[in-house]
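The chain contents come next:
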Amino acid sequence: MSNQQWGPPPVQPPQYAPQQQSWGAPPGQYAGPPVGQYAAPPAGPGQYSGPPQYQQGFGWGQLPPPPKKKRGGAIVVGILGGLLVLAVAGFVIASTVLKKDEPTVTSPAYTPTTGATQPPPLPTRQTAQPTRQPTRPVPTTRPTTNQPTPNQVLTTNRIYKTGVQRPMGCRESKAGLSTGAKAGQYYRQIKLCLDRAWPRQIVAAGEKWRAPNMIVFAGTANTPCGSTTDGRSFYCQSGHTIYMNSPLHVDFFRTNPTFGRAAATFTVAHEYGHAMQSLLGILSSNAWLQYEANGAKKLELNRRMELQASCLGSVFSGANKGSYGLKGQLYTHYLYILNTSGDENLRNGPRDHGSRANHGYWSKRGFAARNPAFCNTFVAPARQVS
């Protein structure tokens, strides 16, 4: 936890009655390093034969359960995570207090730094030497290229210069999430709008646009990143696919329909943020740096990646809040999710996604700015990605 915040402090999590829920991450099948603590339980080390190729799933599983309403408008809520139930002593807070927690942003003031610890550039293909002219001198040094280093891909990515995201007039699905089939309709309507929102900026960043696939599953998913039964939604880079677990949001919706809608909206946008990181080379570059880092640094790099995905998802939500109807109680619950999702919700779990305070900060920052420039977590001080 940090003792300084760039934006307004998030609301404190109210009290709740704990519920039994399984949280975790989809197990990934790795072709090799990096090995560390990720959203997925790490697999054993393999044979390293080049740049790390991420085969794991990326998911945000430390969501709080839906708040429970009581007389007088007070919301009794709580946090749980991991495979164990985490009972957190909190306090009762009126939902009107949450409405006052409007996100604000300040201009980015980071200056990317490089130094002796900067990693070497990714391997580049060299031109084969001609065999018909044996008298030609053979080069003794590697040809120079303009290929950026992994650190440069993360800190100076061109996506940060693409400006404010344009609103797409997105509207929330009226299907609700009372069944798995309806949840699938709900997810896909959000995705169709995301498919229209991001191409301009991905192309402006110099990358080729490819809309991710989406698969809705219930309980178990067999993917190129492995099989999962833990109930989480995630993005699998191999196959460029978002996997949405419908039972979790169906349960949320049946308990509190407004919270369920807010949770589903946040989750789809977050996983789509990972898909955009993949297109931009951020996931692969992060893998390189994690491979070369120690345990604590690996976790920090993973937190920077996850917090950025939430920020990017909130860029989309902020750009379309008007047409989507993100206001009133839906907005209150959405803010609650931003402010109370974090590593503290997972008892004895790895600190690989970021604290509640920092998740709230980066998510609200993206929501208010609607600009990827405000999502450059890779140049932020360590305390702001703890």
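None of these values were measured; they are calculated from a predicted model. (Residues numbered from 1 in each chain as written. Predicted model: local features only at pLDDT ≥ 70, side-chain atom pairs only at ≥ 80, totals over all residues. Heavy atoms only, no water.)

Q: In this structure, what is going on with the overall build of the chain? I would like to understand it.
A: What the chain contains, in helices and strands, is 11 helices and nine strands. Across the 386 residues in the chain, those meeting the buried criterion constitute 56%. Taking as baseline every contact in the chain between residues at least 6 positions apart, the subset at least 24 positions apart corresponds to 76%. For the chain, the accessible surface area stands at approximately 16,500 Å², while carbon and sulfur atoms represent 53% of it. (Helix = DSSP H or I, 4+ residues; strand = E, 2+ residues; numbered from the N terminus. Buried < 20%, exposed > 50% of the residue type's maximum accessible area, 1.4 Å probe, protein only. Contact = heavy atoms within 4.5 Å. Areas by Shrake-Rupley, 256 points an atom, 1.4 Å probe, with all protein chains shown as cover.)

Q: Looking at this structure, I do not really get helix α8 (residues 295–319). What am I missing?
A: The α-helix winds at 3.6 residues per turn, so residues separated by three or four positions along the chain end up facing the same way. For α8, which comprises 25 residues, the first-to-last C-alpha distance of 37 Å matches the rise-based estimate of 36 Å (1.5 Å per residue) to within 8%. Counted residue by residue, α8 has 22 buried out of 25 residues, so it is predominantly covered. Among the residues of α8, the N-terminal cap falls to N294, whose side-chain oxygen and the backbone nitrogen of A296 are separated by 3.4 Å. (Expected span 1.5 Å × (residues − 1). Polar contact = N/O pair within 3.5 Å; in protein donor to acceptor, adjacent residues only side chain to side chain.)

Q: Just to check I follow, could you spell out the pairing of strand β9 (residues 241–245) for this structure?
A: Within a regular beta strand, the side chains point alternately toward one face of the sheet and then the other, so they alternate between its two faces. Across the five residues of β9, five count as buried, placing the element largely inside the fold. The side-chain alternation of β9 yields two buried faces, one formed by T241, Y243 and N245 and the other by I242 and M244. As paired elements, strand β5 (residues 213–217) and β9 share five bridges and run parallel to each other. Directly across from V216, in β9, lies its bridge partner M244. Two elements, strand β8 (residues 234–236) and β9, share three bridges in a ladder whose sense is antiparallel. Paired with C236 across the strands is T241, a residue of β9. Connecting β8 to the antiparallel partner β9 that follows it, the hairpin turn spans four residues, and G239 within it adopts a positive phi of roughly 100°. (Pairing = 2+ DSSP bridges.)

Q: I'm lost on the state of the cysteines in this one. Help?
A: Chemically, a disulfide is nothing more than a covalent bond linking the sulfur atoms of two cysteines. Considering all chains together, one arrives at three disulfides under this definition. A disulfide bridge connects C225 with C236, and the sulfur atoms are separated by 1.9 Å. Every disulfide takes its handedness from the sign of the S-S torsion; for C225 and C236 that torsion is 90°, giving right-handed. One end of the pair, C225, is in the loop between β6 (221–223) and β7 (226–228); the other, C236, is in strand β8, with 11 residues separating them in the sequence. Comparing C225 with C236 shows no difference in burial state: the two are buried. Each disulfide pairs two cysteine sulfurs, and for C311 the partner residue is C375, the sulfurs being separated by 2.0 Å. Residues C311 and C375 are joined by a disulfide whose S-S torsion is about -75°; by sign, that bridge is left-handed. Within this pair, whereas C311 is found in helix α8, its partner C375 is found in the segment after α11 (356–369), the two being separated by 64 residues in sequence. (Disulfide = S-S within 2.5 Å.)

Q: Help me understand the packing of aromatic side chains in this model?
A: To describe a pair of aromatic rings, one takes the distance between the centres and the angle between the planes. Going through the model one piece at a time under the given rule, you end up with seven aromatic pairs. Centre to centre, the rings of F234 and Y243 are 5.1 Å apart; their planes meet at 15°, and the pair counts as stacked. Judged by its relative accessible area of 0%, F234 falls in the buried class. Summarising the aromatic geometry, the rings of Y334 and F367 are spaced 5.7 Å apart at their centres and angled 45° between planes, so their arrangement reads as tilted. Placement of Y334 in helix α10 (residues 328–340) and of F367 in helix α11 is noted, with a sequence separation of 33 residues between them. The residues Y334 and F367 share a single accessibility class, namely buried. Joined through ring pairs, the aromatic side chains of F217, F234 and Y243 make up one cluster. (Phe/Tyr/Trp six-rings, centres within 6.5 Å; stacked < 30°, edge-to-face > 60°.)

Q: Got a minute to help me understand the nonpolar core in this structure?
A: Side chains of a nonpolar character, in soluble globular proteins, are inclined to be buried together. Core analysis: the biggest nonpolar cluster contains 62 residues, and Y187, W198 and F316 have the highest contact counts within it. Counting residues per element, this core draws most heavily on helix α6 (residues 257–279), at 11 residues. What Y187 contacts, discounting residues up to four positions off in sequence, is L177, M214, V216, M244, N245, S246, H249, A264 and V268. Listed in part, the six residues of the second largest apolar core include F217, A221, C225 and F234. (Core = buried A, V, L, I, M, F, W, Y, C linked by side-chain atoms within 4.5 Å.)

Q: Explanation requested: the packing of helix α5 (residues 246–255) against α6 in the structure shown.
A: In a pair of packed helices, the angle between the axes and the distance between the axes together describe the arrangement. As a packed pair, α5 and α6 sit with axes 5 Å apart at the nearest point and diverge in direction by 150°. Between α5 and α6, the angle falls in the class roughly antiparallel. Handedness of the α5/α6 crossing: right-handed. The residues of α6 that touch α5, namely those facing H249, F252, F253 and T255, are P257, F259, G260, R261, A263, A264 and T267. (Axes fitted to C-alpha atoms, helices over the stretch in contact; angles between N-to-C directions. Parallel < 35°, antiparallel > 145°, perpendicular 65-115°, else oblique. Left-handed = near helix turned anticlockwise from the far one by under 90°.)

Q: Help me out: how do you make sense of the side chain of N286 in this one?
A: Structurally, the position occupied by N286 is in helix α7 (residues 282–292). From its side chain, N286 meets the backbone oxygen of L301 in a polar contact 3.2 Å long.

Q: What exactly am I supposed to notice about the side chain of S246 here?
A: Note that S246 resides in helix α5. Judged by its relative accessible area of 5%, S246 is buried. Those residues within four positions of S246 in sequence are excluded, and the remaining contacts are G180, A183, Y187, V216, F217 and A218.

Q: Is there a simple way to think about the confidence of the model for the chain in this case?
A: Fine structural detail should not be taken from predicted coordinates in areas where pLDDT scores are low. On average, residues of the chain carry a pLDDT of 74, and 62% of them reach 70 or more. In this model residues 71–102 is a low-confidence stretch, pLDDT under 50, and it forms 100 contacts with partners more than four residues away in sequence or in other chains. (pLDDT = per-residue confidence, 0-100.)

Q: Just to check I follow, could you spell out helix α3 (residues 180–197) for this structure?
A: The terminal C-alpha atoms of α3, which comprises 18 residues, lie 26 Å apart, in line with the 26 Å expected from a rise of 1.5 Å per residue. Of the residues making up α3, those classed as buried are A183, G184, Y186, Y187, I190, K191, C193, L194, D195 and A197.

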